[in-house]
Amino acid sequence: MLFSPSGFSECLREWEDLERDYQHIQDTHRLYKQKLEEVTKLQDSCSGAIARQRKKLKELTVSLEECKENHPTTKLSPEDVDAIAGMEGSIRERADAFSEMEAFLPKKNGLYLTLVLGNVNVTLLNKLSKFAYKDEYEKFKLILTVILFVFSFTCRFLFSYRALDALFNFLLVWYYCTLTIRESILITNGSRIKGWWVFQHYLSTFLSGVMLTWPEGALYQMFRNQFLTYCLYQSFVQFLQYYYQSGCLYRLRALGERHNMDLTVEGFQSWMWRGLTFLLPFLFFGHFWQLYNSITLFKMFQLPECKEWQVAMCSCSYMVLFMGNFFTTLGVVYQKYMNNQDKSKNV
Ligand code: COA
């Protein structure tokens, strides 16, 4: 290939620019690696210092308790008693401060995440990535909700094949399993998801697994339509839940407030109550459908031709789901109502 002299000098200039850029990239990357090492060292020293302080504060709390118990013999002055009360108050505040700090420090995974992912760090180190992960979790649920809705509709009204049902149940097993992993990561990153909602997804994984193994037969066919219609309804409720949960997420983020709601979030509170009042009847209807499923299966279990263990197992699982969901939802609403009352009193 022949170069014209001017063409070649342009190439040369271009190459020199690229060389300079490459040097710059190398320097930046070196700096980046150095900073990463510094960050890791800072994380270790911060975590270590917090652990040491926690241990010492615990020892100090015990000593203060002893001082108070032996008060008549050690004869503490009223100033000393005040000083002890002050120290105890500060110790409690410090525990909260440490929890806030730890939200941005890597921590060891719980048993479930260690079993599933191994000992990999899943702590997200800034608020933006925590928000993005939660947002992605909600979107993941939405996409799967739409897929599950279409799938259950197809099985319910269009095609009746055991193999297709098995595929549907397999998708449910995978979906709930994935939710438990994502929720464990969210909890590691400071989400306040109640233990029951995570357990509910473990139970749903189990239930879908049992449905998957239920062999084709008269009893399976007896329950099939009710189960698929219930799945359709659940997808619909999940869609409403998505609207509510993502609305909460965006509004709280816009307020810059996460866990310490105060009076500045009045607008949020009223939006939340409107959302909840709309959502709750649908949720409760779903819970009673779970109870109805449990009773239907229990009645099937009493039939003389019932040989499948899946019937009793699903009946028990639906009963536990009903009780857990119903009472936890009542508890959440009561807790929110009481918080609201407290805030109104403080105005
Ligand atoms: N699944 C996953 N996460 C949930 C959840 C659920 N069912 N309910 C609440 N959370 C999360 C919230 O997103 C929030 O997360 P964050 O700390 O990361 O912001 C945290 O838990 C605390 O939420 P909380 O304020 O207690 O409740 P809420 O106002 O977000 O939602 C309900 C309240 C009642 C609407 C919600 O719990 C719910 O939909 N429950 C019913 C679920 C159900 O019964 N499903 C079966 C239907 S048939």
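Refer to the structure above for everything that follows.
### Things to note about the overall build of the protein
Move 1: Of regular secondary structure, the protein possesses 10 helices and zero strands.
Move 2: Listed by position from the N terminus, the elements making up the protein come as α-α-α-α-α-α-α-α-α-α.
Move 3: On C-alpha atoms alone, the protein measures out to a radius of gyration of 29 Å, which is more than a quarter above the 20 Å that the 2.2 N^0.38 rule sets for 347 residues.
Move 4: Expressed as a percentage of the 347 residues in the protein, the buried residues total 35%.
Move 5: Surface summary for the protein: the accessible area is close to 21700 Å², and the carbon and sulfur share equals 65%.
Move 6: With 37 positive and 34 negative side-chain charges, the protein shows a separation of 5 Å between the mean positions of the two kinds.

### Comments concerning the site of the ligand
Move 1: Taken together, 23 residues are adjacent to the ligand, and Lys134, Ser191, Tyr244, His287 and Lys336 come closest.
Move 2: One nitrogen or oxygen atom from the side chain of His287 is found 2.6 Å from an oxygen atom belonging to the ligand.
Move 3: Isolated, the ligand exposes 890 Å² of accessible area, and the fraction of that covered by the protein chains is 93%.
Move 4: The element contributing the most residues to the shell around the ligand is helix α9 (residues 266-301), with five residues.

### Description of the packing of helix α5 (residues 127-158) against helix α8 (residues 218-255)
Move 1: Viewed as axis vectors pointing N to C, α5 and α8 meet at an angle of 160 degrees, and their least axial separation amounts to 9 Å. By the criterion of interaxial angle, the relationship of α5 to α8 is roughly antiparallel. Every pair of crossing elements has a handedness; the one defined by α5 and α8 is left-handed.

### Some words on the environment of Ile50
Move 1: Take Ile50: it is sitting in helix α1 (residues 5-69).
Move 2: With 148 residues separating them along the chain, Ile50 and Val198 place their C-alpha atoms 29 Å apart.

Reading guide: rules and limits
- Residues numbered from 1 in each chain as written.
- Predicted model: local features only at pLDDT ≥ 70, side-chain atom pairs only at ≥ 80, totals over all residues.
- Heavy atoms only, no water.
- Helix = DSSP H or I, 4+ residues; strand = E, 2+ residues; numbered from the N terminus.
- Rg over C-alpha atoms; globule rule 2.2 N^0.38 Å.
- Buried < 20%, exposed > 50% of the residue type's maximum accessible area, 1.4 Å probe, protein only.
- Areas by Shrake-Rupley, 256 points an atom, 1.4 Å probe, with all protein chains shown as cover.
- Lys, Arg positive; Asp, Glu negative; His and termini not counted.
- Charge placed at Lys NZ, Arg CZ, Asp CG, Glu CD.
- Near = heavy atom within 4 Å.
- Polar contact = N/O pair within 3.5 Å; in protein donor to acceptor, adjacent residues only side chain to side chain.
- Axes fitted to C-alpha atoms, helices over the stretch in contact; angles between N-to-C directions.
- Parallel < 35°, antiparallel > 145°, perpendicular 65-115°, else oblique.
- Left-handed = near helix turned anticlockwise from the far one by under 90°.

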